[in-house]
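Listed below are the residues making up each chain.
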Amino acid sequence: MDGNGRWAKKRMMPRAFGHKRGVETVREITRAARDLGLEALTLYAFSSENWKRPADEIADLMGLLRTFIRNDLEEFVANNVRLQIIGDYQVLAPDIVEMIEGAMARTAHNTGTTVAIALNYGSQQEIARAAAKAAAKGEITAEAIEAELDTASLPPLDLLIRTSGEVRLSNFLLWQAAYAEMWFTDVLWPDFTASHLRDALSQFSARERRFGGR
Ligand code: FPP
């Protein structure tokens, strides 16, 4: 969800203002995903490398996460949305861990769109954790690793969208992106709308996917 900081800077506002506007985009895009009938939407909210940011920015992001779960959980419940978390979220503040686990438990049986939020997520770390679990159970095969990834309960990744002109994966869903289609846009996350999502999906639908075949 890149571009929050630059969006705020353009308006001579603090980065926190951009992140706050970014959460409104999260709300709009999760609603759009639901209305479009997407099976799953995964949002990269906090990477394992984001701890390098100043403490006040980290605190702002954690505060926004708390408010989001507090305010939006009922809407998830009312609309059959299932909440999932990927990443090593257990190391977050105990109140956040409790809120997250409560929210996941409350929506666990929902059958509509799954909204997965990546928190303290790093794909290399995820793959290493999955490989260690696979090894502890027996053979290390691609299937065995895949079954231990944080995304094991999510459908295969079809489309990966990156906003704000960045053209790299930044440790996000590296394994899962093997055959995903990529869609890059210069639009900053706070300016990203349901209409951009529909554009990305319509271009995705027009692509021929061969998964290595011909
Ligand atoms: C990237 O923009 C954005 C983040 C690192 C944080 C995204 C998190 C939220 C919007 C809040 C919490 C999430 C949820 C799901 C409620 P950036 O700061 O790197 O912006 P820049 O690229 O312009 O510097």
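Structure: above.
So, here's what we can say about the structure. (Residues numbered from 1 in each chain as written. Predicted model: local features only at pLDDT ≥ 70, side-chain atom pairs only at ≥ 80, totals over all residues. Heavy atoms only, no water.)

**Overview of the site of the ligand**
Link 1 in the chain: Near the ligand, the surroundings consist of 16 residues, among which Gly5, Arg6, Arg15, His19 and Arg53 are the closest.
Link 2 in the chain: Its free accessible area being 620 Å², the ligand has 92% of it covered by the protein chains.
Link 3 in the chain: Secondary structure elements with two or more residues in the shell around the ligand: helix H1 (4-10), helix H2 (15-36) and helix H3 (55-78). (Near = heavy atom within 4 Å. Areas by Shrake-Rupley, 256 points an atom, 1.4 Å probe, with all protein chains shown as cover. Helix = DSSP H or I, 4+ residues; strand = E, 2+ residues; numbered from the N terminus.)

**Quick look at the nonpolar core**
If you look at soluble globular proteins, the nonpolar side chains tend to sit buried side by side.
Link 1 in the chain: The biggest cluster of nonpolar side chains holds 40 residues, and the ones touching the most others in it are Tyr89, Leu92, Ile100 and Leu119.
Link 2 in the chain: Mapped onto this core, the elements with two or more residues apiece are H2, strand S1 (40-47), H3, strand S2 (82-86), helix H4 (94-107), strand S3 (114-121) and helix H7 (194-206).
Link 3 in the chain: If you tally residues by element for this core, the top one is H3, at 9 residues.
Link 4 in the chain: Apart from the residues within four sequence positions on either side, Tyr89 is in contact with Val97, Ile100, Glu101, Met104 and Leu119.
Link 5 in the chain: Among the nonpolar cores identified, the runner-up in size contains 12 residues, and Ala116, Tyr121, Leu160 and Phe172 belong to it. (Core = buried A, V, L, I, M, F, W, Y, C linked by side-chain atoms within 4.5 Å. Buried < 20%, exposed > 50% of the residue type's maximum accessible area, 1.4 Å probe, protein only. Contact = heavy atoms within 4.5 Å.)

**Regarding the side chain of Asp150**
Link 1 in the chain: Relative to the helices and strands, Asp150 is located in the loop between helix H6 (142-148) and strand S4 (159-162).
Link 2 in the chain: Engagement of the side chain of Asp150 in a polar contact is seen with the side chain of Arg129, the distance being 2.8 Å.
Link 3 in the chain: Here Asp150 is in contact with Ile86, Gly87, Tyr121, Glu126 and Arg129, once residues within four sequence places are set aside. (Polar contact = N/O pair within 3.5 Å; in protein donor to acceptor, adjacent residues only side chain to side chain.)

**What about the packing of H2 against H3?**
Link 1 in the chain: Two elements in contact, H2 and H3, have axes whose closest approach is 10 Å; the angle formed by their N-to-C orientations is 30°. Classed by the angle they form, the pair H2 and H3 counts as roughly parallel. As H2 packs across H3, the resulting crossing turns out to be right-handed. Where H2 approaches H3, its residues Arg15, Ala16, His19, Lys20, Val23, Val26, Arg27, Arg31 and Arg34 are matched on the opposing element by Glu57, Asp60, Leu61, Leu64, Phe68, Asp72 and Glu75.
Link 2 in the chain: Class assignment of the residues belonging to the contact of H2 with H3 gives a composition of 6 nonpolar, 1 polar and 9 charged. (Axes fitted to C-alpha atoms, helices over the stretch in contact; angles between N-to-C directions. Parallel < 35°, antiparallel > 145°, perpendicular 65-115°, else oblique. Left-handed = near helix turned anticlockwise from the far one by under 90°. Nonpolar A, V, L, I, M, F, W, Y, C, P; charged D, E, K, R; others polar.)

**Here's the deal with the pattern of salt bridges**
Side chains that carry opposite charge are capable of pairing whenever their charged atoms lie near each other.
Link 1 in the chain: Under the definition given, this model contains 16 salt bridges.
Link 2 in the chain: Across the pair Arg162 and Asp2 runs a salt bridge, and its minimum N-O distance is 2.8 Å. Taken as a pair, Arg162 in strand S4 and Asp2 in the segment before H1 lie far apart in primary sequence, 160 residues in all.
Link 3 in the chain: For Arg162, a relative accessible area of 10% translates into the label buried.
Link 4 in the chain: Take Asp2: its relative accessible area is 23%, and that puts it in the partly exposed class.
Link 5 in the chain: Residue Glu166 pairs with Arg168 through a salt bridge whose shortest N-O separation is 2.9 Å.
Link 6 in the chain: Residue Glu166 is classed as buried on the basis of its relative accessible area, which comes to 17%.
Link 7 in the chain: A single salt-bridge network, built from bridges that share partners, covers Asp158, Glu181, Arg207 and Arg209. (Salt bridge = Lys/Arg side-chain N within 4 Å of Asp/Glu carboxyl O.)

**With respect to the environment of Ala194**
Link 1 in the chain: Its location among the elements puts Ala194 in helix H7.
Link 2 in the chain: Taking the C-alpha atoms as reference, Ala194 lies 26 Å from Ile100; in sequence the two are 94 residues apart.
Link 3 in the chain: When near neighbours in sequence (up to four residues on either side) are disregarded, Ala194 contacts Glu28, Ile29 and Ala32.

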